[in-house]
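What the coordinates show
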Amino acid sequence: MNEPTMTGRPTVSVVVPNYNYAKTLGACLDAVLAQTCPPAEIVVVDDGSSDDSVRIAESYPCTVVSTPNRGVSAARNLGVLKSSGDIVFFLDSDIALRPDALQRAVAALESDPGLGFVCGVYDDVPLFDDGPVERYKVLHGHYWRVRAAGPVHAAFFSLGAVRRSVFEAAGPLDETLRATEDVEYGARLAPFSRIELRADIVGRHDDDDRLGILLRKQFTRSVPLVSLFAERGRGRPKLAETAYRPAAVALLCLSAAGFAAAMLPGAPSQALVVLGGAGLLGYTVVERRLLNFARRRAGLRFLPVFYGLHALMNLTTGAAAAVGGVRWLLSADFRRLYAGSPKPLTQMPGGPADA
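Rules behind the numbers
Residues numbered from 1 in each chain as written. Predicted model: local features only at pLDDT ≥ 70, side-chain atom pairs only at ≥ 80, totals over all residues. Heavy atoms only, no water. Axes fitted to C-alpha atoms, helices over the stretch in contact; angles between N-to-C directions. Helix = DSSP H or I, 4+ residues; strand = E, 2+ residues; numbered from the N terminus. Parallel < 35°, antiparallel > 145°, perpendicular 65-115°, else oblique. Contact = heavy atoms within 4.5 Å. Nonpolar A, V, L, I, M, F, W, Y, C, P; charged D, E, K, R; others polar. Core = buried A, V, L, I, M, F, W, Y, C linked by side-chain atoms within 4.5 Å. Buried < 20%, exposed > 50% of the residue type's maximum accessible area, 1.4 Å probe, protein only. Pairing = 2+ DSSP bridges. Salt bridge = Lys/Arg side-chain N within 4 Å of Asp/Glu carboxyl O. pLDDT = per-residue confidence, 0-100.

Comments concerning the packing of helix α5 (residues 132-147) against helix α13 (residues 303-330)
The geometry of α5 relative to α13 is characterised by a closest axis approach of 10 Å and an angle of 75° between their N-to-C directions. One finds that α5 runs roughly perpendicular with respect to α13. Where α5 approaches α13, its residues Pro132, Val133, Tyr136, Leu139 and His140 are matched on the opposing element by Val305, Phe306, Leu309, His310 and Met313. Classifying every residue of the contact of α5 with α13 gives eight nonpolar, two polar and no charged.

Thoughts on the nonpolar core
Counting 48 residues, the largest nonpolar core has Phe90, Phe117, Tyr136, Phe157, Tyr185 and Phe306 as its most contacted members. The element contributing the most residues to this core is α5, with five residues. Counting residues in hydrophobic clusters, the runner-up holds 30 residues, among them Val12, Ile56, Ala105 and Leu109.

Observations regarding the pairing of strand β9 (residues 194-205)
Sheet faces and side chains relate simply in a regular strand, where the side chains alternate between the two faces. Across three bridges, strand β5 (residues 95-97) lies against β9 in antiparallel orientation. Along β9, the bridge assignment pairs isoleucine 95 with histidine 205. For strand β6 (residues 115-122) and β9, the ladder comprises six bridges, and the chain directions are parallel. Paired with valine 121 across the two strands is valine 202, which belongs to β9. Two elements, strand β7 (residues 150-152) and β9, share three bridges in a ladder whose sense is antiparallel. Residue pairing for β9: glycine 150 is matched across the bridge by leucine 197.

Observations regarding the pattern of salt bridges
Within the structure shown, the criterion is met by 21 salt bridges. Linking aspartate 100 and arginine 104 is a salt bridge whose minimum nitrogen-to-oxygen distance equals 2.7 Å. The exposure class of arginine 104 is partly exposed, given its relative accessible area of 35%. Salt bridges sharing common partners tie together Asp100, Arg104, Asp112, Arg194, Glu196, Arg198 and Asp200.

Quick look at the side chain of asparagine 18
Along the chain, asparagine 18 falls in strand β1 (residues 12-18). Since its relative accessible area comes to 2%, asparagine 18 is described here as buried. Ignoring anything within four residues of it in the chain, the contact list for asparagine 18 reads Leu25, Val44, Val45, Asp46, Asp47, Ser49, Ser53 and Ser93.

Observations concerning the confidence of the model for the protein chain
Here the protein chain averages 90 in pLDDT, and 92% of its residues register 70 or above. Segment residues 1-6: pLDDT under 50, and 10 contacts once partners within four positions in sequence are set aside and those in other chains are kept. Counting contacts from residues 346-355, a segment whose pLDDT is below 50, to residues more than four positions away or on other chains yields 18 contacts.

Some points on the side chain of threonine 67
One can find threonine 67 in strand β3 (residues 63-67). Ignoring any residue separated from it by four or fewer positions in sequence, one finds threonine 67 in contact with Val45, Asp46, Asp47, Gly48 and Leu78.

A few points about unusual backbone geometry
The backbone phi angle of asparagine 20 is positive, close to 60°, even though this residue is not glycine. Here asparagine 20 is to be found in the loop between β1 and α1 (22-33). Owing to a relative accessible area of 28%, asparagine 20 belongs among the partly exposed residues under this scheme.

And the structure:
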């Protein structure tokens, strides 16, 4: 770990991975430069963008590293190698921080030597409002992170700060994972360093605004998590830390199965409709606090839209869990998905060993 500055305060490097986010990159960097605790450096790692991202990044006082497209984990690892701060603040290029975010993250790490990684939450309004799908995703993203605030087992790299010494001890992000890399890293880090999710470190996020993309991402990210949650050990994530609550997912899938079965020829339709209705009622009761939050923030007129989109996301999560469960039973490779050890930073492409 680098020595602190002459003032005794640790230096901070902000690492921004980017892939085709010209729309939001300027707002992201503007917010970093407006911090009450300015970073020592900003490193933008452009992961093979085909839009105007590089030109935008080069117009700011930051280091720009351009690479062929290798995924966000590779971009973050390279950003660590190209930076020098005692603390690395990871920030996705579609997030604009509140002005005090860096200051609060540094203060949290300074005040607690046992804390290795501190993560922030998304604001409850989007960076750019592109319609109801995005409004749903941003509201839900804010709610569940605030709900889970406190000690966690997932390292949320989209908005979070880590001591360089802790990152080096845990090793780099697993570049073979194109999704769930933050959950895998948290499970790897948790046995020897605490992770905390804090509701006072906030960034405004520009989220997905198309339903098909949202559902596809949720399915793709949820399937492999079955392998990780099936593992045992102190670093295993807790089900309470997931964005979609297992009880709600199970009740809604039960409801959908009941209603669907009721339409089959010869099925006891009345009993199955009652079963479907009971599942739906149970789901609504389990999610009542979230639904009240959505009503307060977005209004009563938006609540049916929120309810419907949330139901679709829960059903998608349930389908992904079923697929993941089958794969876990049938595939030894799937069961070992998170068993590998990523190479140390010195062995990564672009690291000291390749210099």
